[in-house]
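Here is how the chains run, residue by residue.
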Amino acid sequence: MQAKPRQPDAETPDAGIVAQVQAEAASLDALHGHLTPQEIIVRSVERFDGGIAAVSSFGADSAVLLHMIAEVDRNLPIVFLDTGKHFGETLDYRDALAADFGLTDIRIVTPDEAALARIDPLGDLHKSDTDACCDVRKVEPMARGVEPFGAWFTGRKRFQASTRSALAAFEQVGPRFRINPLARWGTSDLADYMRKHALRENPLVAYGYLSIGCFPCTQPVKPGEDARSGRWAGQAKTECGIHLSGLEQSLTDTSL
Ligand code: SF4
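The rules behind the values
- Residues numbered from 1 in each chain as written.
- Predicted model: local features only at pLDDT ≥ 70, side-chain atom pairs only at ≥ 80, totals over all residues.
- Heavy atoms only, no water.
- Helix = DSSP H or I, 4+ residues; strand = E, 2+ residues; numbered from the N terminus.
- Buried < 20%, exposed > 50% of the residue type's maximum accessible area, 1.4 Å probe, protein only.
- Contact = heavy atoms within 4.5 Å.
- Areas by Shrake-Rupley, 256 points an atom, 1.4 Å probe, with all protein chains shown as cover.
- Axes fitted to C-alpha atoms, helices over the stretch in contact; angles between N-to-C directions.
- Parallel < 35°, antiparallel > 145°, perpendicular 65-115°, else oblique.
- Left-handed = near helix turned anticlockwise from the far one by under 90°.
- Nonpolar A, V, L, I, M, F, W, Y, C, P; charged D, E, K, R; others polar.
- Near = heavy atom within 4 Å.

(A) Highlighting the overall build of the protein chain. Each helix and strand counted, the protein chain has 8 helices and 6 strands in total. Traced from its N-terminal end to its C-terminal end, the protein chain shows the element sequence α-α-β-α-β-α-β-α-α-β-β-β-α-α. When burial is assessed residue by residue, the protein chain has 55% of its 256 residues classed as buried. For the protein chain, restricting intrachain contacts to residue pairs at least 6 apart in sequence, the fraction spanning at least 24 positions comes to 75%. Of the roughly 12,000 Å² of accessible surface on the protein chain, 50% is carried by carbon and sulfur atoms.

As structure tokens, this is what we get:
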């Protein structure tokens, strides 16, 4: 097991603030969690005026959330994590969608160079320790990416994985809010929306990549198979950590 990337000096966020955010996230979820994704986005932009972003992988169905956001505010910051291991198609798709929707503030976050040199100097850590690789290429950079914001949108859905089956629209992550407007949507909702708005599809979908991450850890799936079964296939791993406790810990470690 490799050492984790070094974090800045640890400082635990104020427990009172964390409790306050937790209570407000629960309250927002009770109040708005049942609304349409578009209504959730509008309410959230109003509530977190100027302090909200979205994170996007520009993956298989990222166009849906990004299109909805652009309809509300095309200047909203969009954080894209460039792990250095993406498919070329994903990077091209990112640029094409940004142009399609007129998104003006794509913020590209990359792994820390010094940490990469120390932990993954040959760029092949994913072959021996995917958790350590995700820590240095995803979790720590994502913590930095969302650090300036009090809240951020994700495109996560309940149907995607057993770990997401009870996903709330509004969540607390340390002293921050994570908002999942599409939590209740299913595959047919997404397909209908893509069709209705004639949204550009990630070209990898046509090759059977229904959940798209880094090139070394993503495989196409067969018709009828779980979309996320192509991620870290053959391993127990189902999440990279940016949506689990890894990020929360990273956020805690960096006093975010
Ligand atoms: Fe590394 Fe694979 Fe995680 Fe990408 S998905 S950061 S290549 S282990």
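Having put the structure on the table, let's press on.
(B) Examining the packing of helix α3 (residues 62-72) against helix α4 (residues 88-101) more closely. Here α3 crosses α4 at 30°, and the two axes come no closer than 10 Å. In this view, α3 runs roughly parallel relative to α4, as classed from their interaxial angle. Note on packing geometry: the crossing formed by α3 with α4 is right-handed. Here A63, L66, H67 and A70 of α3 come into contact with α4, specifically with Y93, L97 and F101. For the contact of α3 with α4, the class distribution of residues is 6 nonpolar, 1 polar and no charged.

(C) Highlighting the site of the ligand. Around the ligand, 10 residues are found, and the nearest of them are T130, C133, C134, C214 and C217. When the residues that make up the shell around the ligand are grouped by side-chain class, the tally is 5 nonpolar, 2 polar and 3 charged.

Worth remembering: the numbers are spatial, not functional.
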